Amino acid sequence: MKTIDALARGLEVLRSLEERRGQSLAELHRATGIPKASLLRILDTLEQGGFAWRAIGDGRYRRRVSLIFRPGIDDELLRIGEIAAPFLEALRRKVIWPSDVLVHRNFKMEIVETSRRQSHLNVAVYAIGFRVEMILSAPGRAYLAFCSDAERAAVLADAAANPPVLVRARQVLAGELPAILDETRRLGYASRDPLFGGDGDKEMNVADDGIDAIAVPVIHDGKLLATMNLVWPRKYRLKAQIVRNHLADLQDTAAAIAAAAAETEKRSTE
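No experiment lies behind these values; they were computed from the predicted model shown.

Student: Where do I start with the pairing of strand E4 (residues 108-114) in this structure?
Tutor: Counting buried positions over the seven residues of E4 gives six, a clear majority of the element. Here strand E3 (residues 100-105) pairs with E4 via six bridges, running antiparallel. Paired with Val103 across the bridge in E4 is Glu110. Between E3 and E4, which follow one another and run antiparallel, lie two residues, and Asn106 among them has a positive phi close to 55°. Sheet analysis places E4 next to strand E5 (residues 131-132), joined by two bridges and oriented antiparallel. Within E5, the position partnered with Met109 by the bridge is Val132.

So this is what it looks like as structure tokens:
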């Protein structure tokens, strides 16, 4: 019986996609030997059919998490990145500045999708999978403010057992954190610590990415799924203006991502 060549090529591409690291077009071409023009048509078909997705954060193609047999915890965390991608791009087009969506994993916040690569603005770019410290970053503070008491206690217990490298993080843990988290809940957003340079292992005078950020929770039915930030160059001193003009946009986007995630979960269980 004759096989369908186009289908065979599509299945070969699907097998080549690594669900976490992803594959670039050039890597897929090397792995499969399929011409790039044909690959693009296959990938477009897979995307439209819901079998693959292309992250805006790194441009790599990945299999949909829903296709992975018995997805593990890492796969479930990655799913929110799939869902968030179009919402992040729509927000960036509206407010200009880019955003990240991050999930909590092993006492760090991990980027699962980002629109920084598309912004073409003077903002430091971090790759999908980059891990952000909890105590001084806006996403980390948003997580700690809106997570459950048990989740917060686990993070703080880990910080006590493994004290942060940064002096400022130890200062915050020593007594400032409760007030910071109370203010975050009252305002509805978290702020990056002014003495944090973006690297959890290096002081600001050694490593400084030059950005400022606010972050909000991505919550559905009281469950914290992720956090989402908005970033801009700190030198422009835009925080008050961004809060005034774009906090509502950020919160609306976070709510839309949470609703889409809930709908995806509902469909997967039907």
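Student: Which parts of the structure should I look at to understand the nonpolar core?
Tutor: Here is a general trend for soluble globular proteins: nonpolar side chains tend to be buried in one another's company. Counting 36 residues, the largest nonpolar core has Ile80, Val101, Ile214, Met228, Leu230 and Ile257 as the members making the most contacts within it. Those elements that provide at least two residues to this core are helix H4 (73-95), E3, helix H6 (138-146), strand E7 (211-220), strand E8 (223-233) and helix H9 (239-269). Top element by residues in this core is H9. It accounts for eight residues. The residues touching Ile257, leaving out its near neighbours within four places in the chain, are Ile80, Ile83, Ala84, Phe87, Leu88, Val101, Val218 and Met228. Residues Leu102, Ile111, Ala169 and Ile180 belong to the second largest nonpolar core, which totals 21 residues.

Student: Looking at this structure, I do not really get the packing of H6 against helix H7 (residues 149-161). What am I missing?
Tutor: Pairs of packed helices are described in terms of their axes, by the angle between the two and the distance that separates them. Contact geometry for H6 and H7: axes closest at 7 Å, N-to-C directions at 130°. In this view, H6 runs oblique relative to H7, as classed from their interaxial angle. Between H6 and H7, the contacting residues are Tyr143, Leu144 and Ala145 on the first element and Glu151, Arg152 and Val155 on the second. Of the residues assigned to the contact of H6 with H7, the class counts are four nonpolar, no polar and two charged.

Rules used throughout
- Residue indices begin from 1 for each chain and proceed along its sequence in written order.
- Reporting of local features is limited, given that this is a predicted model, to residues whose pLDDT is at least 70; pairs of side-chain atoms are given and counted only at 80 or more, and all residues count toward the totals for whole chains, interfaces and linings.
- Only heavy atoms go into the side-chain values, all of them from the structure, while hydrogens and water stay out.
- Accessibility here uses a 1.4 Å probe with only protein chains present; expressed as a share of the type maximum, an area under 20% marks a residue as buried, one over 50% as exposed, and anything in between as partly exposed.
- Helix numbers and strand numbers start at the N terminus; a helix is a DSSP run of H or I with at least 4 residues, a strand a run of E with at least 2.
- We treat two strands as partners when DSSP finds at least two bridges between them.
- The nonpolar core is taken to be a set of buried Ala, Val, Leu, Ile, Met, Phe, Trp, Tyr and Cys residues, with the residues joined through side-chain atoms within 4.5 Å.
- Residues count as neighbours in contact if any of their non-hydrogen atoms are within 4.5 Å of one another.
- To obtain each axis, a line is fitted to C-alpha atoms, and for helices this fit is confined to the stretch in contact; angles are then taken between N-to-C directions over 0 to 180 degrees.
- In these notes the angle categories are as follows: under 35 degrees is roughly parallel, over 145 is roughly antiparallel, 65 to 115 is roughly perpendicular, and the rest is oblique.
- Ten residues, namely Ala, Val, Leu, Ile, Met, Phe, Trp, Tyr, Cys and Pro, are considered nonpolar, four, namely Asp, Glu, Lys and Arg, are considered charged, and the remaining ones, Gly among them, are considered polar.

Honestly, that's just the spatial picture; any functional story needs more than this.
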